[in-house]
Amino acid sequence: MNAREEILHRVREALGADRGGGFPAPSGRVRRTDGRASGQGELAALFAERAAEHAGGGTAVRHVGADGLGTAVAAALWARGAGRIAVPADLPFGWLAALRGVEALADAPPLEPDELAGVDGTVTGCALAVAETGTVVLDGGGTQGRRALTLVPGYHLCVVRAEQIVATVPEAVGRLAPGRPLTWISGRPADGAGARVLELLIVEE
Amino acid sequence: MRVALFVSCVNDALQPRTGRAVVRLLERLGHEVVFEPAQTCCGQMHWTTGYHREAAGLAARFAGVFGRHEAVVTPSASCAATVRAVHPRLTGGAPPPVYELTEFLVDVLGVTDVGACYPRKVVYQPTCHSLRATRLGDRPLRLLRAVRGLEFAELPDAEECCGFGGAFALKNADTSVALGADKVRHVRGTGAEVVCAVDDSCLAHIGGMLSRLRTGVRAVHLAQILAATGSGGEGEEW
Amino acid sequence: MVTPLPLPVRFADAARTTLAVPGSEEADSRRRRAEAVAELPDWEELRHAGEELRDRTLRHLDTLLETLEAAVVRAGGTVHWARDAAEARRIVTRLASAAGGGGAVELPSPLTRRIDAAGALAAAGITLHRAGGPARERLLDAALAVSGARFLVAETGTVVAFEPDGDARMCLTLPRTLITVAGIEQVVPRLRDLEVLLQLLPRSAGERMSPYVTMWTGVTPDDGPREFHLVLLDDGRTAALSDGTGRTALRCVGCEACLRVCPVYKRVGDDPYGELPGPIGAILTPQLRGIEAAHEASLPFASTLCGACADVCPVRIDIPDVLVHLRARVVESRRRHPVPTPELALMRAAAWTMGDRWRYERALARATRWGGLLPGGLLRRLPVLPLLLGRWTDARDLPALPDRSFRDWWKARR
């Protein structure tokens, strides 16, 4: 017997009469919504509050209107003193329209790791956000780029549209795109070579 | 009401004053106490140490001795938990209706003021089995707070284990004593004269350390406090 | 050496040398957990859901592993099976050699330590760097990474990792080849099931969510490793699975909440437990490694059975019950010894005495010294008794022996 056959055989022997057989049925006993925050404005407020409370200093959160986004991005990068940033190739033009004196490198063709390590930061969107945990979720979809883009640079400015915020973890899991590489970011770790600064811009109409 | 007392082997042999206190207390409240002389041990020590065959024999024996009683009271939260949670697994049958003393007083008799008087400063140690196995909650505290003359002090980190743990006290004596030392330090910090609990085995461990250190702090079963009337008569010794 | 430290010593002997005063961070972490848990109105319901999910997973484990393998392969990964740590080590060495030159990084986990991934690669002439500290440049250059993982989603082949710091994410994303080592019990049926675990695990660790959670499915074009290998490890897990009570220990999701509330662990730390620390280690290690050796046989007794661990376990493992169950397995295995252990003789004698009213009363009447609960002459035949007594009286006084037993008082009173 090869290892695969032997392990599967051992599992079946070990379970004996307790063995379920087949693929198990799903469970139905989990809370899907949070009764506390329901409206979009409340969700955005809860998300901002929780994101700001993360261990390791919390995450800077700013609320902006849709027409103020370009200015807010420029202001955040200016405050960081960022001169060169890397961005996903499909970032909407308007997000970077107000930049002055900041060089934005599009990640197409993909930048080399040492090029990424040389930039001052990155600007992306997200797939969704979770209010009760203050989490942003990236799935490599539109406005987010590949994982290395938000991983190597030391500063990440992430744009969250209010309608992307869900209340609870179960709601977020229900919206995950299977097969995509997913990164859930909740504040930043206290240490490690990869400790990055995350800042959030919440766009509300 | 007619109540059978399961005194527990430890109390029968080593702490008879706890059993005497239960008898005095229940009789003072107007109830009849009976003592089945065939009773010995619930098998807790054998069960928790891994001697399940021996525990099974003792569980079966317990059912035979107490099976026909309507209410069995014991001044030991860990023995009550053993009968309730372990005996059915050993005997396959429903266990006799065993109540830990404070459960019996509060839930069955519906009393929290038992007319006791005990003019001492007291801390209460909620033993692990009273907290997490019999889930006594605040019953012992409600009884204690109604005792006249008693000055109650909060024990810091009260819900931390005292380190006794049955065979643990011997098999891991060093760790057991280290945990006991923490408990002793907290008891001492309150300035209490008496530490009380609802399990005499934990009290033997805590009290043994308090005595070794010549602190003068006494370890006393809650039943003795509830039985005291301040008269200075038999059993009023502390 | 495959196993880092199968301790030759009993728990008690190791603990004697590691006793220490817990720091204030212990209390802080417990407070953080309590706050994180209190925030969810349905916490107890979630724990039940977690228990049910893990039990269901274990009962369907064979099907789920086959489904997982197919999904990983479909997503462009490769699955390897290892019966034990040595086999996993050989697989990792072979894959690393094939991955060619360039540095390697390890994202340390209990399993990468167990199979000694660093030693394996060193033997193959590859230098493995542990993630952590000023290793950023090495992380950027590494061609190969070896990691652990938290969950494996059968339905999609997705691997889930919870990361305490940013290095982990770099290990999982930047190298060309990623080798992940995971236990067969770490599978979950569906992506949807993560809704339970993504709440239970971080909050049990004292956070609303871990700083980073990464999920990847095979390989993704132009994003992350080009090659992905999943090594599925048995290494004693099927032995644990064969014990209906002991099996519940395999529910563990690795939150370590039981460690932080354990009075014994807080005082003695990781080392006396050997491979896996804390209450969960005390019930898992003897099952994974067997109870023949003194160290493993001592682990189920390394607890006061206070029950604090069971109250916080997010998947409701009844750790005290499993401890007692394993104690019985140790006792049963020793019953077959040609010469009974002193403890067995003692416990049998006590049960024999307690089994009959008259024997019990005779023993009580003789109770002029400790050991009076035992039949006469036993003290002489069992020199272990003074030894046990000494372990008590070393730091504790004995209660003053009463003049008469309770039952004698009762008889005299009538």
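Conventions adopted
Residues numbered from 1 in each chain as written. Chains lettered and ligands numbered in written order. Predicted model: local features only at pLDDT ≥ 70, side-chain atom pairs only at ≥ 80, totals over all residues. Heavy atoms only, no water. Contact = heavy atoms within 4.5 Å. Buried area = accessible area lost by both parts, 1.4 Å probe. Salt bridge = Lys/Arg side-chain N within 4 Å of Asp/Glu carboxyl O. Polar contact = N/O pair within 3.5 Å; in protein donor to acceptor, adjacent residues only side chain to side chain. Helix = DSSP H or I, 4+ residues; strand = E, 2+ residues; numbered from the N terminus. Buried < 20%, exposed > 50% of the residue type's maximum accessible area, 1.4 Å probe, protein only. Domains from an automatic or database assignment. Pairing = 2+ DSSP bridges.

Visitor: So what's going on with the interface of chain A and chain C? Residues and values would help.
Guide: It is common to report an interface's size as the accessible area lost on association of the parts. Listed per partner, the contact involves 62 residues of chain A and 73 residues of chain C. Roughly 6000 Å² is buried in total at the junction of chain A and chain C, and carbon and sulfur atoms are behind 57% of that figure. Counting every contact that joins chain A to chain C gives 10 salt bridges. Between Arg50 of chain A and Glu39 of chain C there is a salt bridge; the shortest N-O distance is 3.2 Å. Where chain A touches chain C, the interface holds 22 residue pairs in polar contact (both at pLDDT 80 or more).

Visitor: Describe the pattern of salt bridges, naming the residues involved and giving the relevant values.
Guide: Taken as a whole and judged by the stated rule, the model has 65 salt bridges over all chains. We note a salt bridge from Arg289 of chain C to Asp235 of chain C, for which the minimum N-O separation is 3.0 Å. In this pair, Arg289 of chain C is assigned in helix α14 (residues 278-289) and Asp235 of chain C in the loop between β10 (227-233) and α11 (237-241), connecting sequence segments 54 residues apart. Note on Arg289 of chain C: relative accessible area 21%, which makes it partly exposed. Each of Asp12 of chain B together with Arg357, Glu361, Arg407, Asp408 and Lys411 of chain C takes part in a single network of salt bridges with overlapping partners.

Visitor: How would you sum up the domain arrangement of chain B? Please name residues and give values.
Guide: Residues and elements named next belong to chain B. Here chain B is described as being made up of domain 1 (2-108) and domain 2 (121-227). Averaged C-alpha coordinates put domain 1 and domain 2 at centres separated by 21 Å. With 25 residues of domain 1 at the contact, the number on the domain 2 side is 20 residues. Where domain 1 abuts domain 2, roughly 1800 Å² becomes buried across the two surfaces, and 62% of that area is made up of carbon and sulfur atoms. Of all residues in domain 1, the largest losses of buried area upon contact with domain 2 belong to Ala77, Thr102 and Val106, amounting jointly to 25% of the total for that side. In this structure, the connection of domain 1 to domain 2 is made through 9 residue pairs in polar contact (both at pLDDT 80 or more).

Visitor: So what's going on with the pairing of strand β7 (residues 155-161) of chain A? Which residues, and what values?
Guide: Residue and element names in this part refer to chain A. The element β7 is extensively covered by neighbouring structure, given that 6 of its 7 residues are classed as buried. Looking at chain direction, strand β4 (residues 121-124) and β7 are connected through 3 bridges and run parallel. Within β7, the position partnered with Thr124 by the bridge is Cys158. Relative to strand β10 (residues 197-204), β7 runs parallel, the two sharing 7 bridges. Its bridge partner being in β10, Val159 is matched across the sheet by Leu201.

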